[in-house]
Amino acid sequence: MFGRPQTSASIRRIGPDFAAACAKIHAQSFAHPWAPAEFESLLAGRDVIGEAAFATSLFGGRRLTGFVLSRRGADTAEMLTVAVAPALRRNGVATALIARHLATLAAESVKSLFLEVETDNRAARALYRRFGFEEVGERKAYYRKADGIAASALVLRRDFD
Ligand SMILES: CC(C)(COP(=O)(O)OP(=O)(O)OC[C@H]1O[C@@H](n2cnc3c(N)ncnc32)[C@H](O)[C@@H]1OP(=O)(O)O)[C@@H](O)C(=O)NCCC(=O)NCCS
């Protein structure tokens, strides 16, 4: 019912109104979900930039299919989270979202973007590699997985020209 490929035209900035939709996808994506209230507070923050992809159904309904949130400082930003609805993965949604997000951050004079990714998150690491992120550090036993086992994280960085 919802179209597969995402175009950049279906991506836009989001505010706290979309907290529940983001929290739902986040809960389907991570072992430690963030509550809707956390998203609401983040998305209401002046320093947080949230963007989301939307799919339109044949009947004209729209639903949020993926999102990315970054927090910006002076001339750096940190990508806080990115996730795509499980049923719609591997369709280029994250690629379109991140491409747009990088353009948004560059337009806001961000010079470097940082993020943390679990070492064994192959999907995300492949995605970030494509966008030119480079490893700049490692945090041992940084995450705790659903089964309680500790997992390490890599710190990645991408500079804007
Ligand atoms: C990581 C995630 C956001 C990717 O979203 P997506 O919309 O499926 O990504 P795309 O379709 O744009 O994929 C882009 C590229 O990423 C890589 N990739 C995506 N999913 C992959 C997978 N399951 N295995 C290996 N590589 C994968 C591939 O290189 C892919 O390109 P290709 O399809 O041409 O091979 C999604 O899997 C997700 O929401 N995961 C759970 C949350 C998460 O881990 N977020 C990142 C935290 S740091």
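Residue positions are given per chain, counted from 1 along the sequence in the order it is written. Local features in this predicted model are restricted to residues of pLDDT 70 or higher, and side-chain atom pairs are both shown and tallied only at a pLDDT of 80 or more, whereas totals for entire chains, interfaces and linings draw on every residue. The side-chain quantities take in all heavy atoms of the structure and omit both hydrogens and water.

Can you help me understand the site of the ligand in this one?
Taken together, the neighbourhood of the ligand is formed by 21 residues, with Arg90, Gly92, Thr95, Asn121 and Arg130 sitting nearest. One of the backbone nitrogen or oxygen atoms of Val84 is found 2.9 Å away from an oxygen atom of the ligand. The contact in question runs from an oxygen atom of the ligand to an N or O atom on the side chain of Arg130, over 2.8 Å. Only the protein chains shown count as covering a residue, and every accessible area follows the Shrake-Rupley method with a 1.4 Å probe. Starting from 920 Å² of accessible surface for the ligand in isolation, the protein chains cover 79%. Numbering of helices and strands runs from the N terminus, with a helix taken as a DSSP run of H or I at least four residues long and a strand as a DSSP run of E at least two residues long. Elements with a contribution of two residues or more to the shell around the ligand: β4 (76-84), α3 (93-107), β5 (112-118) and α4 (122-130). Among the elements that make up the shell around the ligand, the one with the highest residue count is α4 (six residues). Considering only residue class, the shell around the ligand consists of twelve nonpolar, five polar and four charged. One heavy atom within 4 Å of a molecule or strand is enough for the residue carrying it to be called near that molecule or strand. N or O atoms closer than or at 3.5 Å make up a polar contact, with two conditions inside protein: a donor-capable atom paired with an acceptor-capable one, and, for residues adjacent in sequence, both atoms drawn from side chains. Gly is placed with the polar residues, together with every amino acid not listed as nonpolar (Ala, Val, Leu, Ile, Met, Phe, Trp, Tyr, Cys and Pro) or charged (Asp, Glu, Lys and Arg).

In this structure, what is going on with the packing of aromatic side chains? I would like to understand it.
To pair, rings of Phe, Tyr and Trp, with the six-membered ring standing in for Trp, must have centres within 6.5 Å; the planes then decide the type, stacked if under 30 degrees apart, edge-to-face if over 60, and tilted in the middle. Taken as a whole, this structure holds four aromatic pairs when the rule is applied. Seen from their ring centres, Trp34 and Phe39 are 5.5 Å apart, and the 40° between their planes marks the pair as tilted. Site record: aromatic cluster; members linked through ring pairs are Trp34, Phe39 and Phe67. The side chain of Arg12 reaches across the aromatic face of Phe54, ending 4.9 Å from its centre. When the NZ atom of lysine or the CZ atom of arginine is within 6 Å of a ring's centre and also within 35 degrees of its normal, the charge is said to sit over that ring.

Explain the nonpolar core to me, please; I cannot follow it from the model alone.
Nonpolar side chains in soluble globular proteins generally cluster together in the buried interior. What makes a nonpolar core is a set of buried Ala, Val, Leu, Ile, Met, Phe, Trp, Tyr and Cys residues whose side-chain atoms join them at distances within 4.5 Å. Think of it in three bands: with a 1.4 Å probe and only protein chains considered, a residue is buried below 20% of the maximum accessible area for its type, exposed above 50%, and partly exposed in between. Within the largest apolar cluster, 44 residues are counted, with the highest numbers of intra-cluster contacts made by Phe39, Phe67, Met79, Leu113, Tyr128 and Phe133. Of the residues forming this core, the biggest block, seven residues, is contributed by α3. Excluding residues that lie within four positions of it along the chain, Met79 makes contacts with Val68, Leu69, Ser70, Leu113, Phe114, Leu115, Tyr128 and Phe133. Any two residues having at least one pair of non-hydrogen atoms within 4.5 Å are treated as being in contact.

What is the right way to look at helix α2 (residues 36-44) in this model?
Because an α-helix completes one turn every 3.6 residues, residues spaced three or four positions apart along the sequence face the same direction. Those residues of α2 that fall on the buried side of the exposure criterion are Phe39, Leu42 and Leu43. Buried residues of α2 fall within an arc of 90° about the axis and therefore sit on the same side. Exposed residues on α2 whose side chains face more than 90 degrees from its buried face are Ala37, Ser41 and Ala44. In this fold, the buried residues of α2 make contact with α1 (19-27), β2 (48-56), β3 (62-72) and β4. The arc refers to the directions leading from the helix axis to the C-beta atoms.

Is there a simple way to think about α3 in this case?
Over its 15 residues, α3 runs 21 Å from end to end, which matches the ideal 21 Å to within 8%, given 1.5 Å per residue. Listed in full, the buried residues belonging to α3 are Val93, Ala94, Ala96, Leu97, Ile98, His101, Leu102, Thr104 and Leu105. The first or second residue beyond α3 is Ser109, which carries a positive phi of 70°. Helix span, expected: 1.5 Å multiplied by one less than the number of residues in the helix.

Any chance you could explain the packing of α3 against α4 here in plain terms?
Helices that pack against each other are described as a pair by the angle of their axes relative to one another and the distance between those axes. In this description, a line fitted to the C-alpha atoms serves as the axis of each element, helices being fitted only across the stretch in contact, and the angle between N-to-C directions of two axes falls anywhere from 0 to 180 degrees. For the pair α3 and α4, interaxial distance at closest approach is 11 Å and the crossing angle is 45°. As the angle between them shows, α3 and α4 are arranged oblique. In this structure, α3 meets α4 at a crossing whose hand is right-handed. From α3, Ala94, Thr95 and Ile98 reach across to α4, where they touch Leu127, Tyr128 and Arg130. In terms of residue class, the contact of α3 with α4 is made up of four nonpolar, one polar and one charged. Small angles under 35 degrees read as roughly parallel and large ones over 145 as roughly antiparallel, with 65 to 115 read as roughly perpendicular and the rest as oblique. Handedness of a crossing follows from how the near helix is turned relative to the far one, being left-handed for an anticlockwise turn of less than a right angle and right-handed for a clockwise one.

I keep staring at the environment of Phe39 and nothing clicks. Help me out?
Examined against the element boundaries, Phe39 turns out to sit in helix α2. Exposure remark for Phe39: the relative accessible area of 0% places this residue in the buried category. In the structure, Phe39 is positioned 112 residues away from Ala151 in sequence and 24 Å away in space, judged by C-alpha atoms. Ignoring any residue separated from it by four or fewer positions in sequence, one finds Phe39 in contact with Ala19, Cys22, Ala23, His26, Trp34, Phe67, Leu69 and Thr81.

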